[in-house]
Every structure is written in C-alpha cells, then in structure tokens.
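Take a look at the letters that make up each chain.
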Amino acid sequence: MRRIAFHPILEIEKPKTIKFFFEGRELEAFEGETIAAALVANGIDVFGQTEHSRPRGFYCAIGKCSSCLMIVDGVSNVRSCITLVKDGMQVERQVGRGEITW
Amino acid sequence: MVKTDFLIIGGGPAGLSAAIETSKRGLKTLIVDEGVELGGQLVKQTHKFFGHEGFYASVRGFEIAKRLISQLNENVTIMNQTTVTGIYEDIITAYDRENDLIVEIEPKYILISVGASERFIPFENNHLPGIYGAGAVQTLMNQFKVLPGKRVLMVGSGNIGLIVSYQLLQAGAQVKAIVEITEKVGGYQVHAAKVKRLGVPILLRHTIVKAIGDEKVEGAVIAQVDEKFNVIPGTERELAVDVICIAVGLVPSIELAQMAGVKIEYIPELGGFVPFRDREMRTNIKNIFVAGDLAGIEEATTAMIEGKIVGVAVARDLTGIDLQEDLEKMQKELVEFRSGPFSDKVRKGLERFFPQSAHSYSKDAQQDLGPTGKLRPIIECFENIPCNPCQTSCPSGAITVPGNINSLPLIDYSKCTGCGICAMKCPGLAIFMVQENHQPGRDLIVLPYEFLPLPEKGQKVIALDREGREVGQAEIVKVVKSSNKTHLVHLSVPAGLAQVVRSFRIPQKSDSIVCRCEEITVEEIERAIDEGYTDYEELRRYLRIGMGPCGGRTCRVITLSILARKTKKSIQEIGCGTFRPPSMPVKFDSIVKGEIDNEK
Ligand SMILES: Cc1cc2nc3c(=O)[nH]c(=O)nc-3n(C[C@H](O)[C@H](O)[C@H](O)COP(=O)(O)OP(=O)(O)OC[C@H]3O[C@@H](n4cnc5c(N)ncnc54)[C@H](O)[C@@H]3O)c2cc1C
Ligand code: SF4
Ligand code: SF4
C-alpha cells in the first residue's frame, strides 16, 4: 500500500472511497484525488506507451508535461494528473497520441 | 461571457495576494486556476517558511495558503479546475474541466501568475515511469498522501531538492543519496544540515548517468564528474531505488504572456525566457501584469509581495485613488528581501529591466558559545538568508538580526532564560539547546524534531552528529510537544558531546511484528498512538490490528501493553476491547448449511 498512514505534520483524513476501473479492473480511490494519485496509490506506475512503445509515467503532476495523458471514459488525451477521479470512471492506458474525439 | 474588473490567471501566492488587495478595495476580481484547490505551490509545502512575520515566516506553506484564502471577500469569484487556454485581443478563453466547456472572459485588467514548470534533464532511460519532478513527488505525498516509492535518489541540491528530501523522510521513505553536479550545495546551508544529520549523503560533483529498469525504475547509475561536468569513467555505481526525483530547477511558464503580446526576454538569472515588466509588475501592455515565478524564479515571499504590488497598482488605476504610499511600502519590502547574497542573481537579472538597489547586511556571526553549564541555545545559522523569526519569537529580546533581514543572528546570553521558543520557531531547525554537565558526567541537548514516532522518556536512542554519524548512546529525558509540530526532544548524552550531537535515531524496530495476521509492527502502533489513536477499539479499526483470522489472540495483549506504556494508563483502565463472533474463521458454506439443518 502506498498511502501514507501517518505523518508528523499533515493530518491524514479518511475521505470517502469510490470505485473506478483501470483497464477493466475495479480499483478503489479516494474522493477528491486525481486519477494519477489514485493509480499510484494502487501501485500503478505505467500510464501508457509512447508511439515508439516506451512505457510512460507522469513527470510534473501539475498539468504541464503531458506525460500523463490517458483515455478516460473513452476520451483520449485527458491529463490524469489534474483530473479528479470519479465513481465508475473507466481509465485506460493510452498508446501514442490517442484518438481524436469531438 | 463573464465580465470582471480584474482577472487573475493562477491562484498561487502571487495571484492570491493580488486578489486580497483588489477585493478589499471593492473591485470585482475573478481567479481562474487549473488546480483542484487554490494556493499553487503552497498547498504541498509542509515546512515552515523563512522571511519575517509580516509574510508568515515560521508558518508552514499549506497553512499560509489557508490564511491567504481566508482574506478573500465577497468581491472574489473563484473558478477552480479551469485552465486559461488563450488570450486574444478582446477576449480570454478558459476550459472548465468539471463542466467540460469553454468559458469566455472579458476583463478590464489581467494578472498572469501561472508560475513555472519543472526542468528535465537528459540521461539514459529518462522516460521510465518512476522518474518524477520534485514538485510531482511533493504533490503526490503532501497533497494526496501517496508515496510513489520507498527508496529515492534525489538529483539536485537546490532548496527544492533538499526540502523534498526532508519531506520524503518525514513521509517514511528512504533517500539513498542527493547528487549535485557542481562542487557546492545549491540551497540554503540550514536545509542541507537538516538532511545530512539524518544520514542522507549529499554527493557533490556527481550526476545521474542512467535509470535501470524495463517497465519502471528499479535502480539508478550515478557517477562522479570532472570540472567540465563530464562523467569520469570508472566512477559509476549502482543504487537500488524505485523513484528518481529530479530537482534541477524551474522554467517560467511564459506561453500565455507571449500569446498576449508581452515582450519576452532571455535572462538566465531569472530562469530563462521571462516577460518584460516594470517596477509595478506591468508588462509592455498597459492592462496586463505578471508576478511570482513567471516573472522570475524566486520564492513565495517575493511572489506574495509582487502580487500585492499588482493588486495595489490595479486598484489605483481602476478606482483613481492615490495609493502611492502602499505601493512604495511593498517595493521597499522587495528591496529588503532581495538584499542578500542568494538574490544577487535575481538583482542582476532584473537590472535588465530597471535599476536595482540593495541594503547592506551584517556578516558578523555569533562568536562565543555562551556560558558553559547554563541551558542555552546554540544558533547554527551562518549564511545570509532573508529570515528573522528567531529574533521576533524570543520573549526576552535576546536574539537580534541587526539591520537588514539578511544579517546573521546574534544572541545576548545574559538576556536568555533558556525557554526554547526560538528552537521551536526557527524554520531552518538550526537552533539547538545545550547544557553541559546537567548531571555529573552527562550533557543535555535539546533538538527540534519533526518525525513520528516521538521517542519516550527513558528510551535509549542512538546519538548522531551533524553528518548523521553514530557517536554514542543517548537517553531521552523529556519530550516537549508543540502545536506547531516542531517538538523539542531532550537528550542526555555522555559529557563532552554537547557540541557534537545534533540528531538521533531510534533503534530499528521495524521488524518486530505485533499482529502476525495483518503484519503490523511495534513502530506502526506507536506512531498511531502518537497520532491520537489512544483507544484500543480506535486503533483496531485504524490499523486493522486484531482483525485478522486469529481474532487478536496473539496481538491483543501486546497492543494493550504498548498502549498502557504510551498513555500511562493501566491495562485494567484501557480494558480488553470487544470480542466478536466467530472466534475462528468459518466458511459461509458451513453457516448456510447449518442454518438449513437447524430449520429442519
Ligand atoms: C519544493 C519547493 C519548496 C519551496 N520552498 C519555499 C520556501 O521555503 N520559501 C519560499 O518563500 N518559497 C518556497 N518555494 C517557492 C514558492 O513556492 C514559489 O516561488 C511560489 O509558489 C511562486 O508563486 P506563484 O504564485 O508565482 O506560482 P505558483 O505557486 O506556482 O501558482 C501558479 C498557479 O497557477 C495555476 N495555473 C498555471 N497555469 C494555468 C492556466 N493556464 N490557467 C489557470 N491556472 C493556471 C496553477 O494551477 C497554480 O495554482 C518553494 C517551491 C518548491 C517547489
Ligand atoms: S531560549 Fe528563549 S529566551 Fe533564550 S534566546 Fe531562545 S527564545 Fe530567547
Ligand atoms: S536562526 Fe534565525 S535567521 Fe537562521 S534560520 Fe533560524 S530563524 Fe531564520
């Protein structure tokens, strides 16, 4: 488990848990956290693949580096590091630049 | 279409400070921020800030954010999770992620305070998952309370690298090393001292060569470099780490400013390409201002002052009220802060825009260590940094930071009562209390401590020196808890070590398991008790201790005795908790079969 249970400075609240799906697998997340935080908490570091088949994780966590792009509820190129995870959300790894949706 | 007097793009310390000034003067102010909460970089900073009281010195970053937000009034509208995507001649567009729509904004004045993004460096396999910018690691661990790994290599020894290393240790990770390519630590000496005495090596003239792993980081290769920063062959070595944290600097996020037609100049001292601005933070476009890290990579205090300057200037322009005095006061604050040696670069960079001035500061360090045998503070702050809470917190007026805030602190031992407040307040954790021979053959040392578990009176610990080396055994004499979370731990050490011991380590208990079913250790239970879970039932629910298949047979008594020891209550008083059926794991099938049988 990668969630911090104790902290000398920060209060560790226990937010409501929700369920979401990563590549079809049901996982638990905390309400109010980003998709990226929820995935890392579940031990998932590989968020996708580059066009040249390299595994891709995220780098900046503030929506600037675009390494965290994923397919969320069928929509490609969602910045998972600043998008909140929602109950029932379907999150998938993105390969390359993803499909353009309207 | 949203109309407003003043649009602030980015609600970090700069943007919030501007909003406070315009909203209190009655201007309709709109803050658009793409994050999930306001505060920018502040929300993930758990350390106490430097500076002076007027700008929240000695207050922790995330608390500063709360204090700034609490000063906003009803004239402020906030749009969170919304990214400004374009600045056009007559309109601004923003994408609202929650509602999935583009909003158009028509402001009279604009502040762009979008901050900076993290630099990246080339090395073999630098694409691997597990390689993060330092800010990303901070966001994960301090904002969302998730640790991306257990063993970390930090690349870069600027303030960010040093602070994040310290915060990683606080969150329970190990920092295997900090590598720094130059021959000198980049950040403040007091920040470096904090991690060194905890045993983290800072390797100068070292760099990362390669990340190891196929799918994600499993290790790193580091090596020594020569004067030209070339790797010296044969010095490579491998570290087993699962996270590589890159803290090699920030780059101002100039995209929006540039789109808006703001003149951009290349000034390496300010972080690279930066927007032009004058003394009032106004760009070459009359109604567009910039502030904070976007205007030049600096720190939160100057970001707040710059934000205030913008707020006052905009209020003056839009209301016509004479606010010259307020404006000059803030401009003087900037000069005061930027007078120290760490701001030489920034001043040099800003010279390109307008002339800079600076005050002189004192380099005189405290010479004597005070009267031997008296309980008194030893201040180990030898660098000219803009900071003075030691002076302002001392109730007896014993400490002075003479003249400019960048001067070194001096102490008049005849005025000091030995109260220890300065040690608790100092953001650099650079003040230690000592008393030689507090008992025959023993010296007393008081250390500021920000870790869990807190040690207990009577406990034997391992004393460490300034480099984190073991120098002997020590005994905890007292622990004074503080509401600001910098607790004071009193240690008794063998005589002669008063000026040697600066840290301690609790002997590892991490593998003494209490609850075998759920693998809970003594240390975890002690930490939970320190966090305030002092009731057996609460502990049980929190840690799942005793909730495994054995039903608490092995661990209940041990847990109760730890609780009794920590809370100083008897086991009788605490009670044995509740037992619930079944007393052993039973298959559902058997229960169902039994029910059917019983109904017959
Ligand atoms: C690890 C670390 C330790 C530090 N320690 C200290 C310290 O001890 N003392 C100190 O004084 N300073 C410290 N600093 C520096 C300080 O945090 C920054 O200098 C300061 O936060 C800069 O403020 P800002 O308002 O310019 O930008 P930020 O705080 O970065 O805020 C920018 C805001 O803009 C938003 N934004 C960005 N782009 C857009 C867009 N297109 N649309 C809408 N919103 C957008 C972001 O979401 C963010 O909220 C530290 C920084 C770090 C990373
Ligand atoms: S120990 Fe107390 S009296 Fe002495 S310098 Fe520190 S704050 Fe002042
Ligand atoms: S000793 Fe004083 S000036 Fe130095 S870090 Fe501590 S509070 Fe700041």
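Computed from a prediction, not measured in an experiment: that's the story for all the values here. (Residues numbered from 1 in each chain as written. Chains lettered and ligands numbered in written order. Predicted model: local features only at pLDDT ≥ 70, side-chain atom pairs only at ≥ 80, totals over all residues. Heavy atoms only, no water.)

A count of helical and extended segments in chain A gives one helix and eight strands. Taken against the 2.2 N^0.38 rule, which gives 13 Å for 102 residues, the C-alpha radius of gyration of chain A at 14 Å falls within 12% of a compact globule. Each of the 102 residues in chain A was classed as buried or not, and the buried ones make up 55%. Restricting to contacts in chain A with at least 6 residues of sequence separation, those with at least 24 account for 44%. Accessible surface, chain A as shown: approximately 4900 Å² in total, 49% of it carbon and sulfur. If the 13 positive side-chain charges of chain A are averaged to one point and the 13 negative ones to another, these points end up 5 Å apart. (Helix = DSSP H or I, 4+ residues; strand = E, 2+ residues; numbered from the N terminus. Rg over C-alpha atoms; globule rule 2.2 N^0.38 Å. Buried < 20%, exposed > 50% of the residue type's maximum accessible area, 1.4 Å probe, protein only. Contact = heavy atoms within 4.5 Å. Areas by Shrake-Rupley, 256 points an atom, 1.4 Å probe, with all protein chains shown as cover. Lys, Arg positive; Asp, Glu negative; His and termini not counted. Charge placed at Lys NZ, Arg CZ, Asp CG, Glu CD.)

The next thing to look at is the site of ligand 3. Close to ligand 3 lie Phe50(B), Ile379(B), Cys381(B), Cys387(B), Pro389(B), Cys390(B), Cys426(B), Pro427(B) and Gly428(B), which account for all nearby residues. When grouped by side-chain class, the residues that make up the shell around ligand 3 number eight nonpolar, one polar and no charged. (Near = heavy atom within 4 Å. Nonpolar A, V, L, I, M, F, W, Y, C, P; charged D, E, K, R; others polar.)

In a packed pair of helices, the relevant descriptors are the angle between the two axes and the axis-to-axis distance. All names here are of chain B. Where helix 4 (residues 159-170) contacts helix 5 (residues 189-196), the axes come no closer than 9 Å and their chain directions differ by 35°. Remark: the crossing between helix 4 and helix 5 carries left-handed chirality. In this structure, helix 4 contributes Asn-159, Leu-162, Ile-163, Ser-165 and Tyr-166 to the contact, and helix 5 contributes His-191, Ala-192, Lys-194 and Val-195. Looking at the contact of helix 4 with helix 5 residue by residue, the class counts come to five nonpolar, three polar and one charged. (Axes fitted to C-alpha atoms, helices over the stretch in contact; angles between N-to-C directions. Left-handed = near helix turned anticlockwise from the far one by under 90°.)

Glancing now at the packing of aromatic side chains. All names here are of chain B. Counting across every chain of the model gives twelve aromatic pairs over all chains. Relative to Phe-451, the ring of Tyr-449 lies with its centre 5.8 Å away and its plane at 50°, an arrangement referred to as tilted. With relative accessibility at 11%, the residue Tyr-449 sits in the buried group. A centroid spacing of 4.7 Å and a plane angle of 25° characterise the contact between Tyr-449 and Phe-504, whose relative ring orientation is stacked. Here the residue Tyr-449 occupies a position in strand 24 (residues 442-449), and Phe-504 occupies one in strand 28 (residues 503-505), the gap between them amounting to 55 residues. Given the relative accessible area of 5%, Phe-504 is considered buried. (Phe/Tyr/Trp six-rings, centres within 6.5 Å; stacked < 30°, edge-to-face > 60°.)

Turning our eyes to something else, we now look at the sheet that holds strand 28 of chain B. All names here are of chain B. The strand order across the open sheet formed by seven strands is 20-23-24-27-26-25-28, and the pairing between neighbours is antiparallel. Sheet topology places strand 20 (376-379) and strand 28 at the edges, where each strand pairs with a single neighbour. Neighbour-to-neighbour, the strand axes of this sheet turn through a mean angle of 40°, independent of strand direction. (Pairing = 2+ DSSP bridges.)

Okay, the domain arrangement of chain B next. Residue and element names in this part refer to chain B. When cut into domains, chain B gives domain 1 (2-116 + 251-350), domain 2 (120-248), domain 3 (376-505) and domain 4 (509-600). Facing the eleven residues of domain 2 at the interface are 20 residues of domain 3. In total, domain 2 and domain 3 occlude about 1300 Å² of area from one another, counting both sides; carbon and sulfur atoms represent 55% of this. On the domain 2 side of the interface with domain 3, the three residues burying the most area are Gln-189, Val-190 and Arg-197, jointly 47% of the side's total. Counting the contacts that link domain 2 with domain 3 gives zero salt bridges. Where domain 2 packs against domain 3, one counts nine residue pairs in polar contact (both at pLDDT 80 or more). Elements that contribute at least two residues to the side of domain 2 that touches domain 3 include exactly helix 4 and helix 5. Per element, the largest residue contribution to the side of domain 2 that touches domain 3 is four residues, and it comes from helix 5. Residue composition of the side of domain 2 that touches domain 3, by class: five nonpolar, three polar and three charged. (Domains from an automatic or database assignment. Buried area = accessible area lost by both parts, 1.4 Å probe. Salt bridge = Lys/Arg side-chain N within 4 Å of Asp/Glu carboxyl O. Polar contact = N/O pair within 3.5 Å; in protein donor to acceptor, adjacent residues only side chain to side chain.)

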